[in-house]
Amino acid sequence: ALEPLSVGLAIGVASALTGYLSHPSFYCSYVECCPSAGHRLNATALKVQLDTKLFGQHLAKDVVLKAVMGFSNNPSPKKPLTLSLHGWAGTGKNFLSQILAEHVHHAGLRSKFVHLFLATLHFPHHDQLKLYKEQLQNWIRGNVSACPHSVFIFDEMDKMHPGLIDAIKPFLDYYEQVDGVSYRKAIFIFLSNAGGDLINKAALDFWTSGRHREEIQLKDLESMLSVGIFNNKNSGLWHSSLIDRNLIDYFVPFLPLEHRHVKMCVRAEMRARGYAVDENVVQAVADEMTFFPKEQKIYSDKGCKTVQAKLDIHEDI
């Protein structure tokens, strides 16, 4: 027979060990956990990443950094943070959303709390619109219930069926709760090529008038961009209640990239591959890109999107 003292000691040790193993600081070092209520983003680290990895987008970096940090530092936001990123392919929209996701959840796009939707993959059939709306609502409701700090990224918004995104309108509105769930700590990001022509024209107008692109401010583009997106049938936000109800906090323009920005992308990719930067290779890759307008050839028509593929050709060098 076991002595009562021995049994009591064993139970105490077991309880203490169970308590230690289940403690969040220990458990969450092995299993991804949702950030705590008092979680704050590191503004300095986020700024450094944006400055060193995202090129030619002074406006997007400034707007997103201020918006995200203001949201993160607010203990009781009135609604989720909703950003709509616009610009041509290769200008950095996906890249910025990935950086942001990594700062909210360390695993970034691999996190179970970060959710990426691709219009052509997840919502391909127009005749399934009603089903997609129900699935989208259920998916967002379930994931925010599991983690209030969930991040939702909607890519290819310009290929989204009109009216579909309005299904999430209740989650973006100024409600304390919807069916017992609060969405106020979540982040929603829309990525779209729509509006790129408007942004490019504004950038070219600045260049033609002899002004530096760094002088472009959000007020020069945001109103024009929101109206253009609202009236664009191929924007995914055509006549959307999200715009009509002012539920999108910022329309973030991504400017077309110049020769110098393409070269920055080439150098960054070479460093990422462990190569020493060779300016001859940098110039060679940049020379293989195509630029517009036809006469001036100022802006890369694919941004930095094909830099990796172009650099592959020069790997032997």
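About the thresholds
- Residues numbered from 1 in each chain as written.
- Predicted model: local features only at pLDDT ≥ 70, side-chain atom pairs only at ≥ 80, totals over all residues.
- Heavy atoms only, no water.
- UniProt positions renumbered as here; feature names shortened; annotations may be inferred.
- Helix = DSSP H or I, 4+ residues; strand = E, 2+ residues; numbered from the N terminus.
- Buried < 20%, exposed > 50% of the residue type's maximum accessible area, 1.4 Å probe, protein only.
- Arc of directions from axis to C-beta.
- Contact = heavy atoms within 4.5 Å.
- Polar contact = N/O pair within 3.5 Å; in protein donor to acceptor, adjacent residues only side chain to side chain.
- Core = buried A, V, L, I, M, F, W, Y, C linked by side-chain atoms within 4.5 Å.
- Domains from an automatic or database assignment.
- 1 Å grid on protein atoms, 1.4 Å probe; cavity = no way out; pocket = protein on both sides within 12 Å on 5 of 7 lines; lining within 4 Å.
- Pairing = 2+ DSSP bridges.

Enquirer: I would appreciate a short explanation of the UniProt feature "domain: Torsin-1A C-terminal" (unreviewed entry) in the protein chain in the present structure.
Expert: UniProt's entry tags residues 257–312 with the feature "domain: Torsin-1A C-terminal" (unreviewed entry), counted in the numbering of this structure. Secondary structure content for residues 257–312 is 52% helix and 7% strand, while the C-alpha to C-alpha distance between its ends is 21 Å.

Enquirer: Explain helix α13 (residues 279–287) to me, please; I cannot follow it from the model alone.
Expert: Since the α-helix turns once every 3.6 residues, residues separated by three or four places project in the same direction. All of the buried residues along α13 are Val 281, Val 282, Val 285 and Ala 286. The buried residues of α13 occupy one face: seen down the axis, they fall within an arc of 135 degrees. Facing away from the buried side of α13, by more than 90 degrees, are the exposed residues Asn 280 and Asp 287. As for α13, its buried residues are in contact with α12 (259–272), β6 (291–292) and α14 (307–313). A distance of 2.8 Å separates the backbone nitrogen of Asn 280 from a side-chain oxygen at the start of α13, and that oxygen is part of Asp 278.

Enquirer: Quick question: what am I supposed to make of the nonpolar core here?
Expert: By size, the foremost hydrophobic cluster in this structure holds 72 residues, and its most contacted members are Ile 140, Phe 154, Ile 165, Ile 168, Phe 188 and Phe 190. Ranked by residues supplied to this core, first place goes to helix α4 (residues 58–72) with 9 residues. Looking at which domains feed residues into this core, each of domain 1 (43–254) and domain 2 (259–314) gives three or more. When residues no more than four places from it in sequence are discounted, the contact partners of Phe 190 are Thr 82, Leu 83, Ser 84, Leu 85, Phe 154, Met 157, Ile 165, Ile 168, Leu 172, Leu 242 and Ile 248. By size, the runner-up hydrophobic cluster in this structure holds 15 residues, among which are Phe 55, Val 266, Met 270 and Val 282.

Enquirer: It is not clear to me how the UniProt feature "binding site: ATP" (unreviewed entry) in the protein chain should be interpreted in this structure. Could you clarify?
Expert: The sites that carry the UniProt feature "binding site: ATP" (unreviewed entry) are, in the present numbering, Gly 87, Trp 88, Ala 89, Gly 90, Thr 91, Gly 92, Lys 93 and Asn 94. Cross-referencing the annotated residues with the lining of the largest pocket gives Trp 88, Ala 89, Gly 90, Thr 91, Gly 92, Lys 93 and Asn 94. If you trace the backbone, Trp 88 turns up in the loop between β1 (81–86) and α5 (93–104). The exposure class assigned to Trp 88 is partly exposed, which follows from its relative accessible area of 26%. For Trp 88, the contacting residues outside a window of four places in its chain are Lys 93, Asn 193, Gly 196, Asp 197, Asn 200, Phe 292 and Asp 301. Mapping Lys 93 onto the fold places it in helix α5. From its side chain, Lys 93 meets the backbone oxygen of Gly 87 in a polar contact 2.8 Å long.

Enquirer: What is the right way to read the pairing of β1 from this model?
Expert: Strand residues, when the strand is regular, have side chains that alternate between the two faces of the sheet. Counting buried residues along β1, 6 of its 6 residues qualify, which places the element largely inside the surrounding structure. Alternating residues of β1 divide into Leu 81, Leu 83 and Leu 85 and Thr 82, Ser 84 and His 86, and every residue in both groups is buried. Strand direction decides the pairing type here: β1 and strand β4 (residues 187–192), joined by 6 bridges, are parallel. Looking at the pairing, Leu 81 lines up with Ile 187 of β4. Of the strand pairs in this sheet, β1 and strand β5 (residues 250–253) are connected by 4 bridges, and their pairing is parallel. The partner of His 86 across the bridge, within β5, is Pro 253.

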